[in-house]
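Observations on chain architecture
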Amino acid sequence: MNYTDIEQIEATYNSGGVGRRPIALVKAQGARLWDSEGNEYIDCAAAQGWANVGHSHPTVTAAIQRQLETLVASQESSYNDQRALWMQALADTLNPRLNWADCYIHPSNSGTEANEAALKLARFVTRRTEIIAMVRGFHGRTMGALSTTWNKKYRIPFEPLIPEITHVPYNNIDKLSAAISDKTAAVLVEIVQGEGGVHLGDEEYFQKMRQLCDQHGALLIVDEIQTGVGRTGKWFASEHHGLTPDVITLGKSIGGGLPMGVTAWQTKVGRFKPGTHGSTFGGNPLACVASRAVIEVMAEEQLVERAAYLGGWLMDEISALDSPKIREVRGLGLMIGIQLKNKVTPILQQLIAQGVWALPAGLNVLRLLPPLTIEQDDLKHVVKTLGEVLGK
Ligand SMILES: *Cc1c(COP(=O)(O)O)cnc(C)c1O
């Protein structure tokens, strides 16, 4: 199909909820994307943050192909061999890094669902209803997660949302300290705010947040849907600060391209009772084998270390461009935000015209989230292109 045919149908029928670029992507491999007209792009967005091991990684693809012929989806109410193997692999990944004795895991099908489960868990185990979230935070678009998302543009058309949610300024411990109380069920935070503009919190902030949560008996829920799976140069961004969350949520790259959300928490938090939470497709064997393959590939190809190295190098290179259009370069590992002096949209368009696919984060921030497998030569090309577009 050519672009015009594709666009005509989609533009006719789509919900209108998402703005689209005038491009139809039809194929991806590694860190490359192709559109319907045969144009090639370097993927500096990991699609939308979900392709940390790259597109169609052979290990992930082979695992999916094998499982396709065996069992695609399985009843939630029965056990399953592949779900068991995946849970063990994930628990072995989580426990030592987050300093957890052990964990419980609820699989679902998207990031927003992972946060829904975390919010329900917080209400269920604490018997409290107040939630504290952050200014500029993003946690998804279903009603519960949306209530904790900060951007008014996303929230206002759908009010009233769930009550008793307070947004406090990010990386400001005094404001959090003033807001938290013995009525707080949970504090929900990102270690690096993604959609909100690639903003980082500091170690002291997170350590004091942990103490405040302990003092008041509130759960600390860390949303690592974007920062997880090696993105920031640690398996989980919490590790940068030696932070032990009570609950962590994962999505995007954890499914290797298949829809998957994960809510995992320390066993000491407690557990749902039968009937209080579930998901028809959550933990389906197909997504589980893909996710276990992702965990294997992360270790085999040392992608966590690679993200740390390439991220540091890339940030230096971008800073060295010394562009008059750049206000600040910030980030952690391969999660990089370039704060521009002007609007990001025209810059994104110029990059795409030159074969580089990147993301915005708010109005003025250009966000780079390449697959962790990306070749350094590809990134050199990206830097060169950025230099041309952001030049004098
Ligand atoms: C993308 C994202 C979500 C929502 O994930 P979906 O799979 O789109 O529902 C939630 N939190 C963060 C930090 C995200 O980046």
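All figures in this text were calculated on a predicted structure; none of them were measured in a lab. (Residues numbered from 1 in each chain as written. Predicted model: local features only at pLDDT ≥ 70, side-chain atom pairs only at ≥ 80, totals over all residues. Heavy atoms only, no water.)

The next point concerns the sheet that holds strand β13 (residues 326–332). The strands making up a sheet associate through hydrogen bonds between their backbones, and the pairing can be parallel or antiparallel. Pairing is antiparallel across the open sheet formed by four strands, whose spatial order is β13-β14-β17-β16. A single partner strand is all that each edge strand has here, and the edge strands are β13 and β16 (359–360). Where β16 lies against strand β17 (residues 365–368), two bridges are found, and the strand directions are antiparallel. What sits directly across from Leu 359, in β17, is Arg 367. Relative to β17, helix α12 (residues 345–353) is tilted by about 40°, and along the sheet it contacts β14 (335–340), β16 and β17. (Pairing = 2+ DSSP bridges. Helix = DSSP H or I, 4+ residues; strand = E, 2+ residues; numbered from the N terminus. Contact = heavy atoms within 4.5 Å. Axes fitted to C-alpha atoms, helices over the stretch in contact; angles between N-to-C directions.)

Moving on, we get to the domain arrangement of the protein. Domain annotation of the protein identifies domain 1 (3–56 + 302–390) and domain 2 (61–300). Summarising the inter-unit geometry, the C-alpha centres of domain 1 and domain 2 are found 25 Å apart. At the junction of the two partners, domain 1 supplies 29 residues and domain 2 supplies 28 residues. The largest per-residue losses of area from domain 1 upon contact with domain 2 belong to Val 304, Leu 332 and Met 335, which jointly make up 30% of the total buried on that side. The tally of links from domain 1 across to domain 2 stands at one salt bridge. Glu 195 is the partner of Arg 367 in a salt bridge, and the nearest nitrogen-oxygen pair spans 3.0 Å. Where domain 1 touches domain 2, the interface holds 18 residue pairs in polar contact (both at pLDDT 80 or more). Of all elements in the fold, only α2 (46–49), α11 (303–320), β13, β14 and β17 reach the threshold of two or more residues within the side of domain 1 that touches domain 2. By residue number, the principal contributor to the side of domain 1 that touches domain 2 is α11, which donates four residues. (Domains from an automatic or database assignment. Buried area = accessible area lost by both parts, 1.4 Å probe. Salt bridge = Lys/Arg side-chain N within 4 Å of Asp/Glu carboxyl O. Polar contact = N/O pair within 3.5 Å; in protein donor to acceptor, adjacent residues only side chain to side chain.)

Right, let's talk about the site of the ligand for a bit. Inspection of the region around the ligand gives Ser 110, Gly 111, Thr 112, Asn 115, Phe 138, His 139, Gly 140, Glu 190, Asp 223, Ile 225, Gln 226 and Lys 252 as its neighbouring residues. With respect to the ligand, the backbone of Phe 138 contributes an N or O atom lying 3.3 Å from a nitrogen atom. Within the side chain of Lys 252, a nitrogen or oxygen atom sits 2.6 Å from an oxygen atom of the ligand. Coverage of the ligand by the protein amounts to 82% of the 380 Å² it exposes when considered alone. Looking at the shell around the ligand element by element, the count peaks at three residues for helix α5 (residues 111–126). Residue classes in the shell around the ligand are distributed as two nonpolar, seven polar and three charged. (Near = heavy atom within 4 Å. Areas by Shrake-Rupley, 256 points an atom, 1.4 Å probe, with all protein chains shown as cover. Nonpolar A, V, L, I, M, F, W, Y, C, P; charged D, E, K, R; others polar.)

Two elements in contact, α11 and helix α13 (residues 376–389), have axes whose closest approach is 10 Å; the angle formed by their N-to-C orientations is 25°. Compared by their axis directions, α11 and α13 come out roughly parallel. α11 and α13 meet at a crossing whose hand is right-handed. Of α13, the residues touching α11 (which contributes Arg 306, Tyr 309, Leu 310, Trp 313, Leu 314, Glu 317 and Ile 318) are Gln 376, Leu 379, Lys 380, Val 383 and Leu 386. (Parallel < 35°, antiparallel > 145°, perpendicular 65-115°, else oblique. Left-handed = near helix turned anticlockwise from the far one by under 90°.)

It is worth spelling out the pairing of strand β10 (residues 219–223) at this point. Counted residue by residue, β10 has five buried out of five residues, so it is predominantly covered. Side chains Leu 219, Ile 221 and Asp 223 project from β10 onto one buried face, and the interleaved Leu 220 and Val 222 project onto a second face that is buried too. Relative to β10, strand β7 (residues 184–189) runs parallel, the two being bridged by four bridges. If you follow Val 187 over to β10, its bridge partner there is Leu 220. Looking at chain direction, β10 and strand β11 (residues 247–250) are connected through three bridges and run parallel. Looking at β11, one finds that Val 222 is bridged to Ile 248. (Buried < 20%, exposed > 50% of the residue type's maximum accessible area, 1.4 Å probe, protein only.)

Next up on the list: the sheet that holds strand β6 (residues 165–168). Spatial strand order, β4-β12-β11-β10-β7-β5-β6: seven strands in an open sheet with mixed pairing. Taken across any chain shown, the strands that pair with only one partner, and hence form the sheet edges, are β4 (103–108) and β6. Shown here is a sheet whose adjacent strand axes are inclined to one another by a mean of 20°, direction ignored. Sheet analysis places β4 next to strand β12 (residues 261–266), joined by six bridges and oriented antiparallel.

Inspection of the secondary structure puts Pro 371 in the loop between β17 and α13. On a C-alpha basis, the gap between Pro 371 and Trp 235 in space is 14 Å, while along the polypeptide they are 136 residues apart. What Pro 371 contacts, discounting residues up to four positions off in sequence, is Gly 30, Ala 31, Asp 43, Ala 46, Ala 51, Asn 52, Gly 54, Arg 231 and Leu 334.

What follows is about the packing of helix α4 (residues 81–98) against helix α10 (residues 285–300). Between α4 and α10, whose axes approach to 9 Å, the crossing angle comes to 35°. Considering how the two elements wind past one another, α4 and α10 form a crossing that is left-handed. Note on element contacts: α10 touches α4 through Pro 285, Cys 288, Val 289, Ser 291, Arg 292 and Ile 295, opposite Gln 82, Arg 83, Leu 85, Trp 86, Ala 89, Leu 90 and Thr 93. Partitioned by chemical class, the residues of the contact of α4 with α10 number eight nonpolar, three polar and two charged.

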